[in-house]
Amino acid sequence: MTSFGFVSSCGVCHPGGGPLEEDREGKRYDRWMADPSSKLTPGGDNGLDGDYYKARWSETGVVEADCLLCHKPDYDYAGRNAHLKKLNFRWAATVGSRLAQVQGSVVDGKPPAVTYNPKKFNPDGTVTQHTVRQVRNSTCLRCHSKSDWKKRGAAYSPRTDVHIAKGMRCLDCHTAGSRASDPRIRGKEAHQFGKGDDPGGFARNDLDNTVRSCESCHSDGTHGAPIAKHAGLPPLHLHRIACQTCHIPWRYVRAAAVQASDVYNPGPHITPPGKHIWTFYDARREYWNHYGENTLSTPSDQPTDRYRPELTRYKGKIYPVNRVHSAFVGYEEEGQAAIGQLIMKDFYAMWAAHLKSPKTEYPELAQITDDDADGMIEVNRPEEIDALLAATAKHVKKIVFPMARRRLVWVSNERVYRSGSEHRNISKQEWEASPFGSTHKYSHDVAPAKAALGAAGCRDCHSAKSPFFFGPALVRPFGPDGKPVWTSMSAIMGYDGAARSYSGRVGLVATSFKWLTIVVMLLLIG
């Protein structure tokens, strides 16, 4: 995805500025493209520069930071987004603010024309807008509800979250400006939101954990929070286990735990067509037509789906997470450690051609079958891997995709297959299921204290049926028979039940007490 393509597709949730306004060298796209010294051509290849490839910045303008997108409750999101699709980038905020109507479309070759609404202006020419200083929850959720539904199964509802049920707002924890709880972002008009630390996100890592922590409220009663006592709980638990681990024992909305990008998903209502090559499965590894549901419903229609989150270690603590598994066809490149992925539309074109003429177009793909009988085909057997790579090799040759010094591979989690019988493993973080799939921490949809793990005593975790240690965790979406491969939570956390071994001075003391105990017991017996 180029910078230009990002605006028209993903700009619907981004308020402008940054990469929607300036290139990687800090030049404003439209002004630099219009500068004769840039030697850039609207719509041209422009040296395959990702900021300017096929871009028309000098015609479309850029998307400047739009304050009203968040701070105007009656903002016209639909109008703004429609003009982004028309490539009317420069004019989209004008429509969103409801100050004017815009006719014309850059994408259709019709120059936009602005007609302002005189009723929106005061007699002296100024404008008075309905704006708010602290934005509403609904404003945040306009963008976060759908994406966080897929990534985390987030509901953000009074039914699932004790904080929302108490009337709290997003900005109570995600503080900003002069009210920020962290000095890194505190200051008048310092426009940075308090953020957490998610292993699946790498934006502004320097501001990790500037959000209010659980302890910051539940240790001093901020916002009327009850003071956390944890009577009888050994302090070591609080040092090694995150608050969310016990206080988010269940999830209530489906999340995408598997994203397979190697086969065609025939699910209904998937738009645009290219998304048919993405197949999602939930935490139980059951097929889920997420994009089809998104087309027909809103996050308010999320179906209830109760399941335990997986647990993993992240930066020294145990957290509840969604570890995303992945599968796709990519390519190794000589001298490069990274693995490339085929462009979505190219891979979709191969499958679309096969489905239209299965006997003549890439007939190898017919060997990929539904081994687990869940209604979706999946790649899991050696012959299926070979068939997929063979068909893809034909397709990249047909579309003249540059394959010099490159080799096609099928990637499943950390395994990179050159053929059905030959693969290598690449490294991944201990909290990851796949180095190409994100791991998303759970921090919202918090249960009341009486529903937390440990509320019924130690046996909630320390028993033979404990979900904490013995709950199922997905290792591989598809085994040799097409069925999922599971392990235990303790295996994912790297805990085998054995007593910890100590070294140094602590180890010497531990050994001394062990032998002292043995000697004393022998003396007592004697």
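Residues numbered from 1 in each chain as written. Predicted model: local features only at pLDDT ≥ 70, side-chain atom pairs only at ≥ 80, totals over all residues. Heavy atoms only, no water.

*Asks:* Tell me about the overall build of the chain, residues and numbers included.
*Replies:* Counting its secondary structure elements, the chain contains 18 helices and 17 strands. With the principal axes as the frame, the chain shows a C-alpha extent of 100 × 70 × 45 Å. In the chain, the proportion of contacts linking residues at least 24 apart, taken out of those at least 6 apart, comes to 58%. Of the roughly 28,600 Å² of accessible surface on the chain, a fraction of 56% belongs to carbon and sulfur atoms. Taking the 69 positively charged and 56 negatively charged side chains of the chain as two groups, their mean positions are separated by 4 Å. (Helix = DSSP H or I, 4+ residues; strand = E, 2+ residues; numbered from the N terminus. Contact = heavy atoms within 4.5 Å. Areas by Shrake-Rupley, 256 points an atom, 1.4 Å probe, with all protein chains shown as cover. Lys, Arg positive; Asp, Glu negative; His and termini not counted. Charge placed at Lys NZ, Arg CZ, Asp CG, Glu CD.)

*Asks:* Can you break down the environment of Ala473 residue by residue, with the values?
*Replies:* Tracing the sequence through the fold places Ala473 in strand β16 (residues 472–476). Relative accessible area serves as the criterion here: at 0%, Ala473 is assigned to the buried category. With 113 residues separating them in the primary sequence, Ala473 and Thr360 have C-alpha atoms 41 Å apart. (Buried < 20%, exposed > 50% of the residue type's maximum accessible area, 1.4 Å probe, protein only.)

*Asks:* Can you lay out the confidence of the model for the chain for me, pointing to particular residues and giving the numbers?
*Replies:* Confidence along the chain averages 94 in pLDDT terms, with 99% of residues attaining 70 or more. Element-level pLDDT for the chain is lowest in helix α13 (residues 290–296), with a mean of 89, against a maximum mean of 98 in helix α2 (residues 29–34). (pLDDT = per-residue confidence, 0-100.)

*Asks:* With reference to specific residues and values, describe the nonpolar core.
*Replies:* Counting 29 residues, the largest nonpolar core has Phe347, Met350, Trp351, Leu365, Leu388 and Trp410 as its most contacted members. Those elements that provide at least two residues to this core are β4 (258–261), β10 (325–333), α14 (344–356), α15 (382–398) and β12 (406–412). If one sorts the elements of this core by residue count, α15 sits on top with five residues. Residues in contact with Leu365, not counting those within four places in the same chain, are Met350, Trp351, His354, Leu388 and Ala391. (Core = buried A, V, L, I, M, F, W, Y, C linked by side-chain atoms within 4.5 Å.)

*Asks:* Before we move on, could you go through the side chain of Glu310 and cite the residues and values that matter?
*Replies:* Within the fold, Glu310 resides in strand β8 (residues 310–314). Within polar-contact distance, the side chain of Glu310 engages the side chain of Arg323 at 2.8 Å. At a separation of 2.8 Å, a polar atom in the side chain of Glu310 contacts the main-chain amide nitrogen of Leu474. Once residues lying within four places of it in the same chain are set aside, the contact partners of Glu310 are Tyr319, Pro320, Val321, Arg323, Ala473, Leu474 and Met489. (Polar contact = N/O pair within 3.5 Å; in protein donor to acceptor, adjacent residues only side chain to side chain.)

*Asks:* Can you tell me about the packing of aromatic side chains, naming the residues and giving the values?
*Replies:* All told, the structure shown has 21 aromatic pairs when counted by the stated rule. Plain terms: the ring middles of Phe280 and Tyr291 are 5.3 Å apart, the flat faces sit at 65° to each other, and that makes the pair edge-to-face. In this pair, Phe280 sits in strand β5 (residues 279–281) while Tyr291 sits in helix α13, placing the two residues eleven residues apart along the sequence. Accessibility expressed as a relative area gives 2% for Phe280, which makes it buried. For Tyr291, a relative accessible area of 11% puts it in the buried group. Ring-pair connections join several aromatic residues into one group, and the members of that group are Phe4, Tyr29, Tyr52, Trp57 and Phe89. Against the face of Trp250 rests Arg306, its NZ or CZ located 3.5 Å from the ring centre. For the cation-ring pair, Lys441 lies above Tyr319, with the distance from its terminal atom to the ring centre recorded as 4.2 Å. (Phe/Tyr/Trp six-rings, centres within 6.5 Å; stacked < 30°, edge-to-face > 60°. Lys NZ or Arg CZ within 6 Å of the ring centre and 35° of its normal.)

*Asks:* Break down the side chain of Thr312 for me, with residues and values.
*Replies:* The residue Thr312 is located in strand β8 in this model. Those residues in contact with Thr312, other than ones at most four positions away along the chain, are Lys317, Ile318, Tyr319, Val321, Arg323, Glu430, Trp431, Ile492 and Met493.

*Asks:* An account of unusual backbone geometry is needed here, citing residue identities and associated values.
*Replies:* Cis rather than trans, the peptide bond between Thr271 and Pro272 has omega equal to -10°. Mapped onto the elements of the fold, Pro272 is located in the loop between β4 and β5. At His223, a position not held by glycine, the phi torsion is positive, near 60°. By secondary structure assignment, the location of His223 is in the loop between α10 (214–218) and α11 (235–240).

*Asks:* For the packing of α14 against α15, give the residues involved together with the corresponding values.
*Replies:* Axis separation between α14 and α15 bottoms out at 10 Å; the angle between their running directions is 110°. In this view, α14 runs roughly perpendicular relative to α15, as classed from their interaxial angle. Residues Asp346, Phe347, Ala349, Met350 and Trp351 of α14 lie in contact with α15, whose contacting residues are Leu388, Ala391, Thr392 and His395. Looking at the contact of α14 with α15 residue by residue, the classes come out as six nonpolar, two polar and one charged. (Axes fitted to C-alpha atoms, helices over the stretch in contact; angles between N-to-C directions. Parallel < 35°, antiparallel > 145°, perpendicular 65-115°, else oblique. Nonpolar A, V, L, I, M, F, W, Y, C, P; charged D, E, K, R; others polar.)

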